[in-house]
Amino acid sequence: MILIDTEDLIQQLHKRGVHRVAVQLPAGLRRQAFDLVQTIRAEGFEVLLSGDPCYGACDLDTDAAALADVLVHIGHAPVSENPSVLFVPVSWDFDVQALASVVPLLRTKRIGVVTTVQHVHLLDEIVTCLGTFGIEAVVAHGGGRAPLRGQILGCCFDAARNTGATEILFIGTGLFHPLGIRLATGARTVAFDPFTAHAEEVDTERLLRRRAVFIEKARQADRVGIIVSAKSGQQRLARARRLAARSERAVLILMTEVSPDELLNFGMDCYVNTACPRLAFDDQDRFPVPLITPQEYEIALGIRGWEDYRIDEFCGDEAPAA
Ligand code: SF4
């Protein structure tokens, strides 16, 4: 069940004394947009719904925000403080007893547990449930862009790293996050999908073999485009500039949506993505040429060794300002 606390949202809007409200939801929640807008309007607010793509709290609709007194961003925790945005995380419940299917896959009695923002409210229940199977589950704070205890993002795996565990359980959908955890921490990683109750150990070997092919192609590229995001929550201009300065073959390209169609006419042999780190992994198949990470480009340039392969993260100095 997906839960949006509309009562609390309305209260907060009244408290702010606003009238014009812009509302932004990611694609997976847009079916709820109409009812949500009607609920807010019924309280006397004027509502403008953002229709542009939204992938995370890094991706605020600043155009809609400029036309309203406040931007209500649904579905994500803030990646940075922003007083003109009201962040409304969404809770997705599931039956934690389904975690019984994970237990046979675990090799140690002390594991780290992480999840995405939708399920963090269940972490205490999850720890208790695993305890009944004799498993000590450690939940750590990540900090930075992922402010909630036990929360990871596709660009920040600190909450997994900070457990110090040699085995991590990821609870959520898809394989990108658990693959990222495995690459970021080196810990054995088990993924559990709470909606299908399917559990599996993740294996990065196939992914790395594929990435090695892209790196080799990048090494041979005559023309390289280094993509810089125009979204403030994804912008790493300094990182991109440093990479561009390493090679005369590289040029900087600023864009809001990293789209293969928009890049086609540049005719580059390879693109280096400094925007959302997920793009190079999730969207590679949409690109006719390699779309690689900054770390992979460093390997192609010979300034980083393959043995020092790292998943791209927004951490420390590398994090976007907003
Ligand atoms: S940069 Fe990408 S992974 Fe990070 S919060 Fe934004 S959409 Fe998610």
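What counts and what doesn't
- Residues numbered from 1 in each chain as written.
- Predicted model: local features only at pLDDT ≥ 70, side-chain atom pairs only at ≥ 80, totals over all residues.
- Heavy atoms only, no water.
- Helix = DSSP H or I, 4+ residues; strand = E, 2+ residues; numbered from the N terminus.
- Buried < 20%, exposed > 50% of the residue type's maximum accessible area, 1.4 Å probe, protein only.
- Contact = heavy atoms within 4.5 Å.
- Areas by Shrake-Rupley, 256 points an atom, 1.4 Å probe, with all protein chains shown as cover.
- Lys, Arg positive; Asp, Glu negative; His and termini not counted.
- Charge placed at Lys NZ, Arg CZ, Asp CG, Glu CD.
- Domains from an automatic or database assignment.
- Buried area = accessible area lost by both parts, 1.4 Å probe.
- Salt bridge = Lys/Arg side-chain N within 4 Å of Asp/Glu carboxyl O.
- Polar contact = N/O pair within 3.5 Å; in protein donor to acceptor, adjacent residues only side chain to side chain.
- Pairing = 2+ DSSP bridges.
- Axes fitted to C-alpha atoms, helices over the stretch in contact; angles between N-to-C directions.
- Near = heavy atom within 4 Å.
- Nonpolar A, V, L, I, M, F, W, Y, C, P; charged D, E, K, R; others polar.

### Remarks on the overall build of the protein chain
Counting its regular elements, the protein chain contains 11 helices and 15 strands. Dimensions along the principal axes, computed over C-alpha positions, put the protein chain at roughly 60 × 55 × 30 Å. Taking all 322 residues of the protein chain together, the buried fraction comes to 52%. Pairs at least 24 apart in sequence give 66% of the contacts found in the protein chain among residues at least 6 apart. Counting every atom, the protein chain has about 15200 Å² of accessible surface; 49% of that belongs to carbon and sulfur. Taken together, the 32 basic and 42 acidic charged side chains of the protein chain have centroids lying 5 Å from each other.

### Comments concerning the domain arrangement of the protein chain
Domain assignment breaks the protein chain into domain 1 (2-90), domain 2 (96-201) and domain 3 (205-305). The distance between the C-alpha centroids of domain 1 and domain 2 comes to 29 Å. For the pair domain 1 and domain 2, the summed buried surface comes to about 530 Å²; carbon and sulfur atoms form 60% of the total. Ranking the residues of domain 1 by area buried against domain 2 places Ala-77, Val-79 and Val-90 at the top, with a combined share of 65%. At the junction of domain 1 with domain 2, the criterion picks out zero salt bridges. Linking domain 1 with domain 2 are zero residue pairs in polar contact (both at pLDDT 80 or more), by the criterion used here.

### A word on helix 6 (residues 176-185)
Extensive coverage of helix 6 is indicated by the burial of eight of its 10 residues. Residues Phe-176, His-177, Pro-178, Leu-179, Gly-180, Ile-181, Leu-183 and Ala-184 constitute the buried set of helix 6. Of the residues one or two after helix 6, Gly-186 is the one with positive phi, at around 75°.

### Considerations on the sheet that holds strand 5 (residues 85-88)
What the four strands build is an open sheet, ordered 3-2-4-5; its pairing is parallel. On the outer flanks of this sheet lie strand 3 (46-49) and strand 5, each paired with one strand and no other. Sheet twist, expressed as the mean angle between neighbouring strand axes with direction ignored, is 25°. As defined by bridge partners, strand 2 (residues 20-24) adjoins strand 4 (residues 70-74) across four bridges and the pair is classed as parallel. Considered in strand 4, the bridge of Gln-24 is made with His-73.

### Points about the sheet that holds strand 12 (residues 224-229)
Spatially, four strands are ordered 13-12-14-15 in an open sheet, and the strand pairing comes out parallel. Each edge of the open sheet is held by one strand with a lone partner, namely strand 13 (250-255) and strand 15 (291-292). Where strand 12 meets strand 14 (residues 270-273), four bridges bridge the pair, whose relative direction is parallel. Looking across to strand 14, one finds that Gly-225 is bridged to Tyr-271.

### Quick notes on the site of the ligand
In the vicinity of the ligand, the residues found are Tyr-55, Cys-58, Arg-145, Gly-154, Cys-155, Gln-234, Cys-276, Arg-278 and Phe-314. Per-class residue counts for the shell around the ligand are five nonpolar, two polar and two charged. Looking at which domains feed residues into the shell around the ligand, each of domain 2 (96-201) and domain 3 (205-305) supplies at least three.

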